[in-house]
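# Results of the structural survey
In case you want the letters, here they are:
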Amino acid sequence: LRAKGRSNVHHTTMLVNSYARLQEKEKLQKLLASLEETASDAEAEAVVNCLQSSKLLNEATLFAIKTGQHDAALSILVDEQCLYDRAIKFIAKFEAPRVERYLEMYGRRLLRANREEMMALLSEMMLTEGGSVNTSLLLQLFVGDEQSGASLMEQLAARGAGGTEMMNTIIELNMRTYNKEEPFDVFDKVLKYVSKENEERVRRQAEELKCDPVVEALLRRMRDLPSLHSFHMRRGNVEKVVEMANEINTTQSWLDTLSFVAKMESPVDDEIMEKILEKVKQTRVLHPLVILEVLSKSARLNVAAVKKYVVQWLSEQREKISADKAAIASSEQKIQEVGKQIESLHFNTQVLQVSKCCACDFALQLPSIFFLCRHAFHVHCFDSYADKADLCPKCSVEGAAAVRMDSDLSIFSRNAYGEFVERMNKAEDSMEIISKYISSGLFDSKKNGVPLPAGLSP
């Protein structure tokens, strides 16, 4: 039938199968040689399947290659013959898209069986393609052996291959190898490949992969300390949370830290709690009553942890109350003395023994003007020196200078807010500072006609 040109696929399959069973190798080779030029795709596929089922694997591979059935040839080399080195050389002959497809199918097996040749193939493929990298393929190939993948990528990067995608792949592979017990050099493995373009992406990826040193290093490089503080709170690292709160040292950072401690489900270490309270006490950013109100919501916190802080605060308040009482008593005594002086001025004779003019420092001559503050002036000196007829010029000048010195708070300058915060941080009594600002006209800019700097809103 075949000689007369009347055979079909089934006849060819039967003939190949018969030659194979009868071990008629010469006839089989002659038949295969004729089929290489004349067989259709369906006929060639059937012949390969027949040879494969008859365990004539070499003939099947050779026939598949010559008839363009590359997928079938590679399948036989890898799955049945286990000729991995020949399979790698076979893959290397194709263009990049087909190579990537074959690597997706057999790459992991070939990498485990023949690492050196596979590494050489990957290196050559990426260099010839101008450094283009199939990220998903590499991650798929090196699952479970990320260190080898990262090493390969680093070598290629050192040779000038690759771009942003390769850098991202190196970073991800290195972060996947991160082990808390064996920390690596964050800069050498990750940060030197990070740029402004992929900074945020790497940070999110590091957080997903729980590579905490990379997250911390990136947030510090971005100078985003509040985000780093929040990150440590999400991780539940109490010591790092306290360290960051102390570094930021704002009211909000300490308030967040105390809220975090209050919400902890595990028991809170008394030493850590005492450390937090000591830091808060030193910074003076939160009132003790606010601290106690926040901590009172904790179901795990022991009273002993805050007892020392509360006792110290109450002792300080007692001492302050005693000092205030002493100041009040002293002020009352001064008021009484002033009252006696006023009474003496009203009802007793006042002896004025001033011999020199307070303005020109020459001896007094009549007519002269005397004040009960023990200051005296020539009439012509007083007229040229005084602003008001009923006030001692010397007392009014000294008083005005004292008032200016006490109320020089620069409340209308552009740096007013910074000065206010600095004064509040240094002040023992914050209410005293606030009252000085109010008395200096903090809310009176329009009423007093105080000129404001250009562009500064009241």
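Residues numbered from 1 in each chain as written. Predicted model: local features only at pLDDT ≥ 70, side-chain atom pairs only at ≥ 80, totals over all residues. Heavy atoms only, no water.

Within the chain, the regular secondary structure consists of 24 helices and two strands. The buried share of the chain, taken over its 458 residues, is 34%. Intrachain contacts of the chain at a sequence separation of at least 6 include 49% that bridge at least 24 residues. In the form shown here, the chain has an accessible surface area of approximately 28600 Å², with 51% of it arising from carbon and sulfur atoms. (Helix = DSSP H or I, 4+ residues; strand = E, 2+ residues; numbered from the N terminus. Buried < 20%, exposed > 50% of the residue type's maximum accessible area, 1.4 Å probe, protein only. Contact = heavy atoms within 4.5 Å. Areas by Shrake-Rupley, 256 points an atom, 1.4 Å probe, with all protein chains shown as cover.)

The next point concerns the packing of aromatic side chains. What characterises a pair of aromatic rings is the spacing of the ring centres plus the angle enclosed by the ring planes. By the definition in use, this model includes five aromatic pairs. Plain terms: the ring middles of Phe371 and Phe377 are 6.2 Å apart, the flat faces sit at 80° to each other, and that makes the pair edge-to-face. On the basis of relative accessibility, which here comes to 15%, the residue Phe371 falls in the buried class. Residue classification places Phe377 among the buried positions, given a relative accessible area of 0%. Every member of this aromatic cluster is reached through a ring pair, and the members are Phe90, Phe94 and Tyr102. (Phe/Tyr/Trp six-rings, centres within 6.5 Å; stacked < 30°, edge-to-face > 60°.)

Here the focus is the nonpolar core. When a protein is soluble and globular, its nonpolar side chains tend to lie buried together. Membership of the largest hydrophobic core comes to 42 residues, with the highest contact counts inside it found for Val16, Leu51, Phe63, Leu74, Leu103 and Leu110. Broken down by element, this core gets its largest block of residues, six residues, from helix α7 (residues 96-113). Excluding residues that lie within four positions of it along the chain, Phe63 makes contacts with Leu32, Leu35, Glu36, Ala44, Val47, Val48, Leu51 and Gln69. The next biggest cluster of nonpolar side chains, apart from the first, holds 24 residues, and it includes Met233, Ile276, Val285 and Val306. (Core = buried A, V, L, I, M, F, W, Y, C linked by side-chain atoms within 4.5 Å.)

Here the focus is the pattern of salt bridges. The final tally for this structure, using the stated rule, is 14 salt bridges. One salt bridge in this structure joins Glu199 and Arg221, with 3.6 Å as the shortest N-O distance. You can see Glu199 sitting in helix α13 (residues 199-208) and its partner Arg221 sitting in helix α14 (residues 212-221), a full 22 residues away along the chain. Of the charged contacts in the structure, one is a salt bridge between Arg220 and Glu216, with a shortest N-O distance of 3.8 Å. (Salt bridge = Lys/Arg side-chain N within 4 Å of Asp/Glu carboxyl O.)

So, on to the packing of α14 against helix α15 (residues 225-235). α15 packs onto α14 with a crossing angle of 160° between their chain directions and a minimal axis gap of 8 Å. By the angle between their directions, the pair α14 and α15 is classed as roughly antiparallel. Here α14 and α15 pass one another in a crossing that is left-handed. In this structure, α14 uses Asp212, Val215, Glu216, Leu219 and Arg220 to contact α15, whose residues at the interface are Leu225, Ser227, Leu228, Phe231, His232 and Arg235. Here the contact of α14 with α15 is composed, by residue class, of five nonpolar, two polar and four charged. (Axes fitted to C-alpha atoms, helices over the stretch in contact; angles between N-to-C directions. Parallel < 35°, antiparallel > 145°, perpendicular 65-115°, else oblique. Left-handed = near helix turned anticlockwise from the far one by under 90°. Nonpolar A, V, L, I, M, F, W, Y, C, P; charged D, E, K, R; others polar.)

This paragraph deals with the side chain of Arg203. Here Arg203 lies in helix α13. We classify Arg203 as buried; its relative accessible area is 16%. If sequence neighbours within four positions are ignored, Arg203 has contacts with Val215, Leu218, Leu219 and Met222.

Here the focus is helix α19 (residues 288-295). For α19, the complete set of buried residues consists of Pro288, Ile291, Val294 and Leu295. The buried residues of α19 occupy one face: seen down the axis, they fall within an arc of 125°. More than 90 degrees from the buried face of α19, the exposed residues found are Leu289 and Glu293. Those residues of α19 that are buried are in contact with α17 (251-263), α18 (270-283) and α20 (303-347). (Arc of directions from axis to C-beta.)

Here we come to unusual backbone geometry. Looking along the chain, the bond that leaves Leu366 and enters Pro367 is cis, with omega of 0°. In this structure, Pro367 sits in the loop between α20 and β1 (368-370). Not every positive phi belongs to a glycine, and Arg223 is a case in point at roughly 60°. By the element assignment, Arg223 lies in the loop between α14 and α15. Residue Arg223 is classed as exposed on the basis of its relative accessible area of 75%.

Moving on, we come to helix α11 (residues 164-176). Between its first and last C-alpha, α11 extends 18 Å over 13 residues, near the 18 Å set by a 1.5 Å rise per residue. Three or more residues of α11 are buried, namely Met166, Asn168, Thr169, Ile170, Ile171, Glu172, Leu173, Asn174 and Met175. (Expected span 1.5 Å × (residues − 1).)

As for its placement among the helices and strands, Met175 is situated in helix α11. Linking Met175 and Ala206, residues 31 residues apart in sequence, is a C-alpha distance of 6.9 Å. Beyond its immediate chain neighbours, meaning those up to four positions away, Met175 contacts Val190, Val202, Gln205, Ala206, Leu209, Cys211 and Val214.

The predicted coordinates ought not to be read in detail in places where the model reports low pLDDT. Residues of the chain with pLDDT of at least 70 account for 84%, and the chain-wide mean is 78. Here helix α22 (residues 393-406) stands out as the least confident element of the chain, with mean pLDDT 56; α15 is the most confident, with 88. Taken as a whole, residues 399-407 scores under 50 in pLDDT and shows two contacts with residues more than four places along the chain or in a different chain. (pLDDT = per-residue confidence, 0-100.)

Taken together, the side chains of Glu239, Glu243, Asp269, Glu271 and Glu274 define an acidic patch exposed on the protein surface. Elements with a contribution of two residues or more to the negative patch: α16 (238-248) and α18. Structurally, Asp269 can be placed in the loop between α17 and α18. Taking the relative accessible area as the measure of exposure, Asp269 reaches 41% and is therefore partly exposed. (Patch = residues over 30% accessible without salt bridge, like charges linked within 9 Å, V, L, I, M, F, W, Y side chains within 5 Å. Lys, Arg positive; Asp, Glu negative; His and termini not counted. Charge placed at Lys NZ, Arg CZ, Asp CG, Glu CD.)

This brings us to the state of the cysteines. Following the criterion strictly, the structure yields zero disulfides and no others. Considering cysteine sulfurs only, Cys360 is the nearest to Cys357, which forms no disulfide, with 3.7 Å between them. (Disulfide = S-S within 2.5 Å.)

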